[in-house]
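Here is how the chains run, residue by residue.
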Amino acid sequence: MLSLKVSGMTCGGCINAVTRAIQAQDPQATVQADLPSQMVNLETSLSAEQASQIITEAGFPVIQ
């Protein structure tokens, strides 16, 4: 399980965009996001670095 703090998510559409981006690289991934805390929890075979890059490229910067 990876937990990443993601900036810029404001709605369900944002969560869907992050989910689609991750699942494009790992179709079996599970993505759970919490808008108030800006946290995204992932169950994925991707590394934290890979997931961070994918989410950032989708337009939602990952805060280190």
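The coordinates are above.
Analysis parameters
- Residues numbered from 1 in each chain as written.
- Predicted model: local features only at pLDDT ≥ 70, side-chain atom pairs only at ≥ 80, totals over all residues.
- Heavy atoms only, no water.
- Helix = DSSP H or I, 4+ residues; strand = E, 2+ residues; numbered from the N terminus.
- Buried < 20%, exposed > 50% of the residue type's maximum accessible area, 1.4 Å probe, protein only.
- Pairing = 2+ DSSP bridges.
- Axes fitted to C-alpha atoms, helices over the stretch in contact; angles between N-to-C directions.
- Parallel < 35°, antiparallel > 145°, perpendicular 65-115°, else oblique.
- Left-handed = near helix turned anticlockwise from the far one by under 90°.
- Contact = heavy atoms within 4.5 Å.
- Nonpolar A, V, L, I, M, F, W, Y, C, P; charged D, E, K, R; others polar.

Chemist: Could you give me a rundown of unusual backbone geometry, with the residues and numbers involved?
Modeler: Of note, glutamine 38 is a non-glycine position whose phi angle comes to about 60°, a positive value. By secondary structure assignment, the location of glutamine 38 is in the loop between strand E2 (30-34) and strand E3 (39-43).

Chemist: An account of the pairing of E3 is requested, with residue identities and associated values reported.
Modeler: Covered by surrounding structure in E3 are Val40 and Leu42 only, the residues Met39, Asn41 and Glu43 on the alternate face being uncovered. In terms of strand pairing, strand E1 (residues 2-6) meets E3 through four bridges, oriented antiparallel. Bridging across to E3, lysine 5 finds its partner in methionine 39. Bridging between E2 and E3 involves five bridges; their strand directions are antiparallel. Looking across to E3, one finds that valine 31 is bridged to leucine 42.

Chemist: Any chance you could break down the packing of helix H1 (residues 12-25) against helix H2 (residues 48-57) for me, citing the residues and the numbers?
Modeler: For the pair H1 and H2, the least separation of the axes is 9 Å and the interaxial angle reads 130°. In terms of orientation, H1 and H2 fall into the oblique class. With respect to the hand of their crossing, H1 and H2 are arranged in right-handed fashion. Here H1 contributes Val18, Ala21, Ile22 and Gln25 to the contact with H2, which in turn contributes Ala51, Ile54 and Ile55. Looking at the contact of H1 with H2 residue by residue, the class counts come to six nonpolar, one polar and no charged.

Chemist: Explain the sheet that holds E3 to me, and be specific about the residues and the numbers.
Modeler: Across the sheet, which stays open at both edges, the four strands sit in the order E2-E3-E1-E4 with antiparallel pairing between neighbours. Looking at strand neighbours, the two that pair on one side only are E2 and strand E4 (62-63), the edges of this open sheet. Of the pairings in the sheet, the one linking E1 to E4 comprises two bridges and is antiparallel in character. Residue pairing in the sheet places lysine 5 in a bridge with isoleucine 63 of E4. Here H1 sits on the sheet and contacts E2 and E3; the angle it forms with E2, its principal contact strand, is near 155°. On top of the sheet, H2 reaches E1, E3 and E4; it is set at about 30° to E1, its chief contact.

Function cannot be read off these values alone, since they describe shape.
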